[in-house]
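Spelled out from the first residue to the last, the chains are:
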Amino acid sequence: MAEVTISDLRKSYGGLDVMHGVNVDIPDGEFVVLVGPSGCGKSTLLRMIAGLEGVTGGTIRIGGRVVNNLPPAERNIAMVFQNYALYPHKTVAANMGFALKMQRMDRAEIDARVARAADILGLKPYLARFPRELSGGQRQRVAMGRAIVRDPEVFLFDEPLSNLDAKLRVQMRSEIRELHQRLSTTTVYVTHDQIEAMTMADRIVVMKDGHVSQIGAPLDLYDRPANVFVAGFIGSPAMNLIEGVVRRDGGVVVEAGTDRLPAPDLPGMDDGRRVIFGIRPEHLLRDDAGFAAAVAVVEPTGAETHVVLRMGARDVVAVFRDRLGLRPGNTLRLSPQPGMVHVFDAETGQRIG
Amino acid sequence: MATRTPISRSIAAHAVLITYTLIALFPVFVIVINSFKSRRAIFNDPLAVPTAETFDLVGYATVLKQGDFFQYFLNSMTVTVASLFFVLLFGAMAAFALSEYRFKGNLLMGLYLALGIMIPIRLGTVAILQLMVASGLVNTLTALVLVYTAQGLPLAVFILSEFMRQVSDDLKNAGRIDGLSEYRIFFTLVLPLVRPAMATVAVFTMIPIWNDLWFPLILAPAEETKTITLGSQVFIGQFVTNWNAVLAALSLAIVPVMVLYLIFSRQLIRGITAGAVK
């Protein structure tokens, strides 16, 4: 039980700066997901919290205590790794109890804790087995059990579901979430999968190139992305981003090629400003007065249909819940749903309004 | 080509392997059978197996009577096992440091340590002898152990660091988070996982040490520090060679190294199958 405070954290390898002053406050009991493309520094940040990477500048506090120079074992954290990292020559029970044994805990207490964790995770029948005799999902549960028995102040997860198949991943996702609801231990979870981030997090930290791009609740990020990067990263299929110029003649529109897209009248929407017009695929509505686009690809997913449309030289994706029986070559007329348009500055990528 | 079934292919493969084995084992076979024959029988028909008439243990009798053969054995064994121990220990530790830690000159240090693979240690014999004389280590087994450790380290570091790079970083980090010291990580997590590589290195290191004649002759020719290879040479004279004794001594010399090899090769096979059934 502890809050984690990261202030102005920096990291460089040799002369190369990979983290440029990251600030994140994680209150006690929160489930925070670090998400971003590969190389954005999310894993480095997690490993710095764990103490597996040195800190170049700034501080990391766990429960108010600066842990910059503490070895991993003294930070009272537990970590779950992508490829499980179970000790291959120890049984499930020995794997789970090993950290406690290293702390010279009483044998009976270790057994009790291992039994309790095994109970929570449904691992009772497998305690005497070796990791190689378990399936991927079971191994991942053992790795979580190893973290639980320590009763740490912070759980760290490093892409724990990446090695599992799609179905198991969805199942483990809710299991981890449920585990957090039960233990309410502060959790930092790293993933590159924005769906995992959206479904699991209390708050998401989106990272890019060693900077924090935006921090917020999943739906806040979805509804009000602070910049073009977050807009494009969160949500699947990704938001349509169309570059254009603001024109204020009568209404406010963004002129992109020959198309004129109706835009909200926000402060800063000055005539002639170069902007990026963003609209999520599900917010493109069929409208006989809208712009015309030719259907290029139709991708039915069952519940909804993703349609890739060619609009001038650009591809735009729209999502429809009703089955329209579209075929490639058909023409659709679409317009953005009012109030659902995002506008970003073309130079800085920052949100306008 | 179309008629080549998997069975015929496996017969062909086995034929090649068996032929190779026969060629490789033939000299050993000749040494062993002749060691059980009388001197006359060795020269009359070197390739015949011993029969009731030609069977003779005189070679073994000579060897066991002559000098201190048991002592020579013990010397060889001591030198080989001690050198092997140090090569594996220091080699593995150096390999771990090179593969695990990022530090200035890591690559250069690795190259420097591997240089010994290409430069024969015998080139430095004179300097080594001077060194041993100066430090009063001539005619001690310590001298041999030191030289052989130096001789075996380059290959050990080279092979083991390559294998240790493949040990999962996550596993080592999990150990760190569980509170293991770097030494415990090395001994309890990494070493068991590179055991097949250790066995390979052990076999490659052991055989040249056991068979070496050069350094025992130069550094430790005294009666009480003679190795078995050097000890066998007493039967080879300038004018007369006691072939029975030479062959018997060589046959005996094969036994301990074979036992060691069997121990290590069990590890090798266990390592390979452990990977296969995972």
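Keep in mind it's a predicted model, so treat the numbers as computed, not measured.

Draft legend 1. Focus on the UniProt feature "domain: ABC transporter" (unreviewed entry) in chain A. Here the UniProt feature "domain: ABC transporter" (unreviewed entry) sits at residues 4-234 of chain A. With 37% helix and 26% strand, the stretch residues 4-234 of chain A has end C-alpha atoms that lie 25 Å from each other.

Draft legend 2. Main features of the interface of chain B and chain A. Listed by partner, the interface residues are 13 residues for chain B and 18 residues for chain A. Among the elements that line the side of chain B that touches chain A, the one with the most residues is helix H8 (residues 169-177) of chain B, at six residues. Partitioned by chemical class, the residues of the side of chain B that touches chain A number six nonpolar, three polar and four charged.

Draft legend 3. A look at the sheet that holds strand S4 (residues 57-62) of chain A. Residue and element names in this part refer to chain A. Judged by pairing direction, the sheet is antiparallel, and its four strands sit side by side in the order S2-S1-S4-S5 without closing on themselves. In this open sheet, the two edge strands, each paired with only one partner strand, are strand S2 (16-26) and strand S5 (65-66). As defined by bridge partners, strand S1 (residues 4-13) adjoins S2 across eight bridges and the pair is classed as antiparallel. In the sheet register, isoleucine 6 faces S2, and the bridge partner there is valine 24.

Draft legend 4. Structural detail: the UniProt feature "transmembrane region" (unreviewed entry) in chain B. Residues and elements named next belong to chain B. Per the UniProt annotation, the sites labelled "transmembrane region" (unreviewed entry) are residues 12-33, 72-98, 110-133, 145-164, 185-210 and 245-264. Helix and strand shares over residues 110-133 are 58% and 0% respectively, and the end C-alpha atoms of the span are 31 Å apart. As a span, residues 185-210 carries 96% helix and 0% strand, and end to end its C-alpha atoms are 32 Å apart.

Draft legend 5. Structural view of the domain arrangement of chain B. Residue and element names in this part refer to chain B. Domains assigned within chain B are domain 1 (1-56) and domain 2 (66-277). Using C-alpha coordinates to define each centre, domain 1 is positioned 31 Å away from domain 2. Contacts between the two partners involve seven residues from domain 1, matched on the other side by seven residues from domain 2. Of all the secondary structure elements, the ones that give two or more residues to the side of domain 1 that touches domain 2 are helix H1 (6-35) and helix H2 (39-44). By residue number, the principal contributor to the side of domain 1 that touches domain 2 is H1, which donates five residues. Counted by class, the side of domain 1 that touches domain 2 contains four nonpolar, two polar and one charged residues.

How each quantity is defined
Residues numbered from 1 in each chain as written. Chains lettered and ligands numbered in written order. Predicted model: local features only at pLDDT ≥ 70, side-chain atom pairs only at ≥ 80, totals over all residues. UniProt positions renumbered as here; feature names shortened; annotations may be inferred. Helix = DSSP H or I, 4+ residues; strand = E, 2+ residues; numbered from the N terminus. Contact = placed C-beta atoms within 7 Å. Nonpolar A, V, L, I, M, F, W, Y, C, P; charged D, E, K, R; others polar. Pairing = 2+ DSSP bridges. Domains from an automatic or database assignment.

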